[in-house]
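The chain contents come next:
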Amino acid sequence: PGLFRRDENAVVVRNSVWIALAPNLRGSLDAGWNSRTVDRSFSSAMATSIPLPTEIRQLQFDAAARLAWEPSRGWLQEASVGLIRGEEAHDVREREGEDALSVDEQRRQARRRSNQSQRVYVSLRSGIPIDDDTDLSTSVSSNLLRYDTPDTLNTDDRDELLLTGGLELARRWNRWFS
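This report concerns the structure included in the present document. A quick note: this is a predicted structure, and the numbers were derived from the prediction, not measured.

**Details of the overall build of the protein**
Phase 1 of the analysis: Summing up its helical and strand segments, the protein has one helix and seven strands in all.
Phase 2 of the analysis: Seen in sequence order, the protein has helices and strands lined up from the N terminus as β-β-β-β-α-β-β-β.
Phase 3 of the analysis: In terms of overall size, the protein is more extended than a compact globule, its C-alpha atoms giving a radius of gyration of 24 Å where 178 residues would be expected to give roughly 16 Å.
Phase 4 of the analysis: If one aligns the C-alpha atoms of the protein with their principal axes, the spans along those axes are about 75 × 40 × 30 Å.
Phase 5 of the analysis: The burial tally for the protein puts 22% of its 178 residues in the buried class.
Phase 6 of the analysis: Looking at the protein alone, contacts between residues at least 24 apart form 61% of all its contacts between residues at least 6 apart.
Phase 7 of the analysis: By element, 55% of the accessible surface of the protein is carried by carbon and sulfur atoms, the whole surface being about 12,500 Å².
Phase 8 of the analysis: Treating the 24 positive side-chain charges of the protein as one cloud and the 28 negative ones as another, the clouds have centres 3 Å apart.

Here it is in structure tokens:
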């Protein structure tokens, strides 16, 4: 018997602007900032040892640039590149009457989960109308993730490269069903 409590606060700021570069060419710039705090705690009437309240702070910044070219009606070519940078910090809050040694140990364990990440991506998409009711599109993307945990006891650091591709054939059977 106990009560788990989770409070979350978030602030998000985003901005996007599309620019017509030519009659059939447009570009966009997007940027965003995101801050999130999560407070978790557990209370119990039992005299057993329970975890201290935990605070998780996340901060993220992202930016992207896109170009879209439509040389003829329905034939769309897009390219985008972007960056997402994030940081997450874990900590505990002391509770009155808690043993200092226990607080230090739980704080060390929480900070071990802190991390920093950075993702860079490039993607290309092409859509071509085959006829009035059928479209063919292809897409490819490349993502590079760098993930770092500053704590020397947490060896979850990694670099990942993800390559994806797709091919889609879409057919509109009539104006109500596609």
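**Digging into a nonpolar patch on the surface**
Phase 1 of the analysis: Residues Val11, Val13, Trp33, Leu59, Phe61, Leu83, Val120, Leu144, Leu161 and Leu163 make up a contiguous nonpolar surface patch of about 860 Å² in total accessible area.
Phase 2 of the analysis: Mapped by element, the contributors of at least two residues to the nonpolar patch are strand E1 (3-22), strand E3 (54-72) and strand E7 (158-171).
Phase 3 of the analysis: Here Phe61 is to be found in strand E3.

**A few points about the environment of Pro129**
Phase 1 of the analysis: Looking at where Pro129 falls in the secondary structure, it is placed in strand E5 (residues 115-131).
Phase 2 of the analysis: Through-space distance from the C-alpha of Pro129 to that of Phe177 is 18 Å; in sequence the pair is 48 residues apart.
Phase 3 of the analysis: Once you skip the residues sitting within four places of it in the chain, Pro129 turns out to touch Arg73, Gly74, Trp75, Thr134 and Asp135.

**Quick notes on the pattern of salt bridges**
Phase 1 of the analysis: Scanning the model with the defined rule gives 16 salt bridges in all.
Phase 2 of the analysis: Arg93 is the salt-bridge partner of Asp39, the closest N and O atoms lying 3.0 Å from each other. Highlighted residues: Asp39 in strand E2 (residues 25-43) and Arg93 in the loop between strand E4 (75-92) and helix H1 (100-111), separated in sequence by 54 residues.
Phase 3 of the analysis: Using a relative accessible area of 21% as the deciding quantity, one classes Asp39 as partly exposed.

**Comments concerning the side chain of Asp62**
Phase 1 of the analysis: If you trace the backbone, Asp62 turns up in strand E3.
Phase 2 of the analysis: According to the relative accessible area criterion, Asp62 is buried, its value standing at 15%.
Phase 3 of the analysis: Of note is the side chain of Asp62, whose polar atom sits 3.0 Å from the side chain of Arg14.
Phase 4 of the analysis: Leave out the neighbours within four places in its chain, and Asp62 touches Arg14, Asp30, Ala31, Gly32, Leu83 and Ile84.

**Considering the packing of aromatic side chains**
Phase 1 of the analysis: As enumerated under the stated definition, the model contains zero aromatic pairs in all.
Phase 2 of the analysis: The ring of Trp18 has Arg26 sitting right over it, with the charged end atom 5.0 Å from the ring centre.
Phase 3 of the analysis: Note that Arg158 overlies the ring of Tyr147, its terminal NZ or CZ placed 4.3 Å from the centroid.

**Let's talk about the side chain of Ser141**
Phase 1 of the analysis: One can find Ser141 in strand E6 (residues 134-148).
Phase 2 of the analysis: Within polar-contact distance, the side chain of Ser141 engages the side chain of Thr164 at 2.5 Å.
Phase 3 of the analysis: Setting aside residues no more than four positions away along its own chain, Ser141 makes contact with Val122, Ser123, Leu162, Leu163 and Thr164.

**Topic: the pairing of E3**
Phase 1 of the analysis: Pairing between E2 and E3: 16 bridges, direction antiparallel. Within E3, the residue paired with Asp39 across the bridge is Glu55.
Phase 2 of the analysis: In terms of strand pairing, E3 meets E4 through 17 bridges, oriented antiparallel. Bridge pairing in E4 places Ala64 opposite Gly82.

Thresholds applied
Residues numbered from 1 in each chain as written. Predicted model: local features only at pLDDT ≥ 70, side-chain atom pairs only at ≥ 80, totals over all residues. Heavy atoms only, no water. Helix = DSSP H or I, 4+ residues; strand = E, 2+ residues; numbered from the N terminus. Rg over C-alpha atoms; globule rule 2.2 N^0.38 Å. Buried < 20%, exposed > 50% of the residue type's maximum accessible area, 1.4 Å probe, protein only. Contact = heavy atoms within 4.5 Å. Areas by Shrake-Rupley, 256 points an atom, 1.4 Å probe, with all protein chains shown as cover. Lys, Arg positive; Asp, Glu negative; His and termini not counted. Charge placed at Lys NZ, Arg CZ, Asp CG, Glu CD. Patch = residues over 30% accessible without salt bridge, like charges linked within 9 Å, V, L, I, M, F, W, Y side chains within 5 Å. Salt bridge = Lys/Arg side-chain N within 4 Å of Asp/Glu carboxyl O. Polar contact = N/O pair within 3.5 Å; in protein donor to acceptor, adjacent residues only side chain to side chain. Phe/Tyr/Trp six-rings, centres within 6.5 Å; stacked < 30°, edge-to-face > 60°. Lys NZ or Arg CZ within 6 Å of the ring centre and 35° of its normal. Pairing = 2+ DSSP bridges.

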